[in-house]
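Given next are the chains, with one letter for each unit.
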Amino acid sequence: MPKITYISSDGAEHVVDAENGLSAMEAAVRNNVPGIDGDCGGMAACGTCHVYVDRAWLGKTGAAREGVERDMLSVTDGAADNSRLACQIALTEELDGLVLRLPSGQH
Amino acid sequence: MTQAAGDAPRRVVVIGAGHGGAQLVAFLRQFGFAGSIVLVGDEAGIPYQRPPLSKAWLKGETTLDKLAMRPASFYAEQKIELRSGLRAEGIDTAARQVRLSNSEQLGYDELVLATGSYPRALPLVAAGLGNVLALRALPDAEKLRAALAPGKRLVIVGGGFIGLECAATARDLGAEVVVLEKAPRLLERVASAPISQFLHRYHEARGVTVVVDASITAVEGQGRAEAVRLADGRRFACDSVLVGIGAVPATALAEAAGLACDNGVCVGADCRSSDPHIFAIGDVARRPHPLYGTALRLESVPSSLEQARLVAAAIAGREPGPPEVPWFWSDQYDLKLQMAGLPVAVDEVVIRGQPEGAGAEFAAKFAVFHLSQGRVTCVEAVNQPQAFMAGRKLIGSGKTVPAARLADPAVPLNELAA
Ligand SMILES: Cc1cc2nc3c(=O)[nH]c(=O)nc-3n(C[C@H](O)[C@H](O)[C@H](O)COP(=O)(O)OP(=O)(O)OC[C@H]3O[C@@H](n4cnc5c(N)ncnc54)[C@H](O)[C@@H]3O)c2cc1C
Ligand code: FES
């Protein structure tokens, strides 16, 4: 069970024990982490699961994927080169310790 | 509207454990509400997502575990009392009590109706035709899934989103599919003509028989539907029929309690009904939309979530977020449709990209922007997430954009929306 830390824009930390096979959006929703609502259920259609990957982890998560994910993020306010849609990050043991930061203003 | 923490209500009862109800109770805890929460739902089991029922779940691409909105343990962890398999049968608004199907009386300080909607029935169908199906809940989807296999003939009555999504899934599973739509075009009430025409061609290219202006005169067969007959004499033999002709808001409980109802429970912009202690959200609520002024009953996940967030904030005594641009998505074959806004007072329609093409292989990627006095009021995007995101932003900001630049694929969308 990888441990994932979500840090909200006001600095509050939520540490979650995620099941393997879930996405970083699903793990947040299942643990009621505020700021990741996942309105579209993980279809990369809504943009309500935008996160910044802690730079130390970018090598393991990879950057946003070419195609829908990158297209969505290219028009998202505040998106940067370490932005991902959490629903497109599949959690594995390899990501144990992953740190994700939430943008401000994401409900 | 905001309450001081001291007089926060003690017990919130939510009727309907679907998308809106289940999200509302989670938001209440996220927003720090510490009182007791009871979520009553007449379906078995834990709340789940409906959108995959016509898509990934029907195709067998997802599991029950993933379909669930949250695991069963969530409700206990968050001290949310989930009462599944129970129906609310009456509301005593004076005593602030709800009567459940097991005769239990539940007292409330605030009540939220999230009873959703149910499929409209096709009047011509004789009772007891076991292979005439509708799709709303998990048991419906299980029946439909059992009816889909290579060579099975499915007649879908209604060319709306659910009908078309099921048509796409049924084709992917190898079934033979006929879609009968009574209007002159598919999705007449919910999408623009260019989208309808494109989808009509796309479904035909994938082997679906699409009939518009279809006037059904009979569903033939005894005990089982054997064929659907049209006024023009055509007859479509079938192994099963799926009826997807719209949804009816589940207002019976609200009406019996004397709440104002008119195609939905009438609520204010804050989702409060005519009784100050009863809110209504989701498919069942008709609400004056803050961005459009007119009262709308929207049937979509995003709308039910916006309203869930709003009501949870009001009950928890927290500032509500800004109004959200209504939007919707649909997946059919390899097409990702995303639409935002409403086509209100449109004086110009701009198409960006190329909707034309034929055969099963063409790559579809285009968007339709609807403008009113130079401002985008609605965007419909096919495999163009950027256009959707840019359109949604432009609708929210009300910024004017030159139509020619919107239409020009060489002008970056993030620039236009910035
Ligand atoms: C097959 C399908 C596909 C869809 N696809 C999409 C999509 O791609 N995108 C999108 O945005 N939307 C989609 N929708 C629409 C979306 O699912 C609904 O808008 C959303 O579920 C509405 O949420 P709700 O809480 O208002 O109602 P619901 O989710 O319907 O929940 C209402 C619940 O209340 C229960 N209930 C009713 N009366 C009582 C009572 N008296 N006592 C106890 N319980 C009661 C019902 O049984 C139900 O469980 C789809 C819907 C279906 C059916
Ligand atoms: S959950 Fe909607 S984009 Fe990730």
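Residues numbered from 1 in each chain as written. Chains lettered and ligands numbered in written order. Predicted model: local features only at pLDDT ≥ 70, side-chain atom pairs only at ≥ 80, totals over all residues. Heavy atoms only, no water.

1. Considerations on the overall build of chain B
In terms of helices and strands, chain B carries twelve helices and 26 strands. What you see for chain B is a C-alpha radius of gyration of 22 Å, in line with the 22 Å of a compact globule of 418 residues. For chain B, buried positions account for 53% of its 418 residues. A sequence separation of at least 24 residues applies to 61% of the contacts in chain B between residues at least 6 apart. Here chain B holds 43 positive side-chain charges and 43 negative ones, and the gap between their average locations is 2 Å. (Helix = DSSP H or I, 4+ residues; strand = E, 2+ residues; numbered from the N terminus. Rg over C-alpha atoms; globule rule 2.2 N^0.38 Å. Buried < 20%, exposed > 50% of the residue type's maximum accessible area, 1.4 Å probe, protein only. Contact = heavy atoms within 4.5 Å. Lys, Arg positive; Asp, Glu negative; His and termini not counted. Charge placed at Lys NZ, Arg CZ, Asp CG, Glu CD.)

2. Details of the domain arrangement of chain B
Residues and elements named next belong to chain B. Annotation of chain B at the domain level lists domain 1 (11-118 + 248-316), domain 2 (121-245) and domain 3 (334-417). Using C-alpha coordinates to define each centre, domain 1 is positioned 30 Å away from domain 2. Taken together, the contact pairs 14 residues of domain 1 with 14 residues of domain 2. Note on domain 1 versus domain 2: buried area summed over both sides is about 1400 Å², and carbon and sulfur give 63% of it. At the junction of domain 1 with domain 2, the criterion picks out three salt bridges. Arg 136 is the salt-bridge partner of Asp 283, the closest N and O atoms lying 3.0 Å from each other. The set of elements that each furnish at least two residues to the side of domain 1 that touches domain 2 consists of helix 2 (56-59) and helix 3 (64-67). Sort the elements by how many residues they give to the side of domain 1 that touches domain 2 and helix 2 lands first, with three residues. The class makeup of the residues in the side of domain 1 that touches domain 2 is six nonpolar, three polar and five charged. (Domains from an automatic or database assignment. Buried area = accessible area lost by both parts, 1.4 Å probe. Salt bridge = Lys/Arg side-chain N within 4 Å of Asp/Glu carboxyl O. Nonpolar A, V, L, I, M, F, W, Y, C, P; charged D, E, K, R; others polar.)

3. Here we look at the site of ligand 1
All names here are of chain B. Residues in close proximity to ligand 1 total 32 residues, the closest being Asp 42, Glu 43, Lys 55, Arg 136 and Asp 283. Ala 88 is positioned with one of its backbone polar atoms (N or O) 2.9 Å from a nitrogen atom of ligand 1. In the model, an oxygen atom of ligand 1 is placed 2.6 Å from a nitrogen or oxygen of the Arg 136 side chain. Bound to the protein, ligand 1 loses 94% of the 1000 Å² it would expose on its own. Looking at the shell around ligand 1, the elements with two or more residues in it are helix 1 (19-30), helix 6 (161-172), helix 9 (301-316) and strand 22 (327-332). Per-domain counts for the shell around ligand 1 show at least three residues from each of domain 1 (11-118 + 248-316) and domain 2 (121-245). (Near = heavy atom within 4 Å. Polar contact = N/O pair within 3.5 Å; in protein donor to acceptor, adjacent residues only side chain to side chain. Areas by Shrake-Rupley, 256 points an atom, 1.4 Å probe, with all protein chains shown as cover.)

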